[in-house]
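Remarks on the overall topology
This is what each chain is made of:
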Amino acid sequence: DVKVTQSSRYLVKRTGEKVFLECVQDMDHENMFWYRQDPGLGLRLIYFSYDVKMKEKGDIPEGYSVSREKKERFSLILESASTNQTSMYLCASSPQTSYGYTFGSGTRLTVV
Amino acid sequence: GESVGLHLPTLSVQEGDNSIINCAYSNSASDYFIWYKQESGKGPQFIIDIRSNMDKRQGQRVTVLLNKTVKHLSLQIAATQPGDSAVYFCAENFYGGATNKLIFGTGTLLAVQP
């Protein structure tokens, strides 16, 4: 069964900490995406990558960075966590020539 | 900017009834649309898709209708079951630079009453 795996389901971090959210896919997909999901706002794109070492900003990149050193892994980094980054974070991947996304189960991050 | 939106944030139906979830989109250049289902504690799962050159597409118990004239998308679920209770998102696709990107609506919560 093909999968997108997010390393943590729940995380609690302190304000100012550097936070790493990891995502791994086993489908050899070229494209990977990070979204955050908040009530009433839906899914908002933070960053995406269409190839190893390539990245593009989404709609809300401020306060975040990403890393894609290997095709299967896409990391989201919160340089200095703040309480307004408390959210559900969703990773997704897709083949280059297809529109369909496969999502991970999400990481619920709480910043205190 | 252009965005995808949903008419009803919450829909409550009786088990066995048909459900209709609606979505309005504003990007006339979007060429592909998807419906996702998200159950509590899980990531969104693909349900059904439709391309802009189609008006209707059917799956197992689900049908998606696309009306390009009024930029409207709907998801019909036949004989709704308790397991259908979830948040449903529509998404539109556009080509954004090097790759395709999906824009998601805010979601509709479908609550199935026994």
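Let me begin by describing the structure that accompanies this report.

Rules of the game
Residues numbered from 1 in each chain as written. Chains lettered and ligands numbered in written order. Predicted model: local features only at pLDDT ≥ 70, side-chain atom pairs only at ≥ 80, totals over all residues. Heavy atoms only, no water. Contact = heavy atoms within 4.5 Å. Salt bridge = Lys/Arg side-chain N within 4 Å of Asp/Glu carboxyl O. Polar contact = N/O pair within 3.5 Å; in protein donor to acceptor, adjacent residues only side chain to side chain. Helix = DSSP H or I, 4+ residues; strand = E, 2+ residues; numbered from the N terminus. Nonpolar A, V, L, I, M, F, W, Y, C, P; charged D, E, K, R; others polar. Disulfide = S-S within 2.5 Å. Buried < 20%, exposed > 50% of the residue type's maximum accessible area, 1.4 Å probe, protein only.

**Structural notes on the interface of chain B and chain A**
Taken together, the contacts link 21 residues of chain B with 21 residues of chain A. Our enumeration of links across chain B and chain A arrives at zero salt bridges. On inspection of chain B and its partner chain A, the count reaches five residue pairs in polar contact (both at pLDDT 80 or more). Elements that contribute at least two residues to the side of chain B that touches chain A include exactly β4 (32–38), β9 (86–96) and β10 (99–104) of chain B. With five residues, the top contributor of residues to the side of chain B that touches chain A is β10 of chain B. In the side of chain B that touches chain A, the residues fall into eight nonpolar, nine polar and four charged.

**Looking at the state of the cysteines**
Tallying each qualifying case throughout the model produces two disulfides over all chains. Between the sulfur atoms of cysteine 23 of chain A and its disulfide partner cysteine 91 of chain A the distance amounts to 1.9 Å. Between cysteine 23 of chain A and cysteine 91 of chain A, the S-S torsion sits near -80°, and that sign places the bridge as left-handed. Of the two residues, cysteine 23 of chain A is situated in strand β3 (residues 19–25) and cysteine 91 of chain A in strand β9 (residues 87–94); the sequence distance between them amounts to 68 residues. Bridging cysteine 23 of chain B to cysteine 90 of chain B, the disulfide has an S-S length of 1.9 Å. Its torsion about the S-S bond being 55°, the disulfide of cysteine 23 of chain B and cysteine 90 of chain B is classed as right-handed. With cysteine 23 of chain B in strand β3 (residues 19–25) and cysteine 90 of chain B in strand β9, this residue pair connects regions lying 67 residues apart in the sequence. The buried category is assigned to cysteine 23 of chain B, whose relative accessible area is 1%. A residue is classified by how much of its surface remains accessible, and cysteine 90 of chain B, at 0% relative accessible area, is buried.

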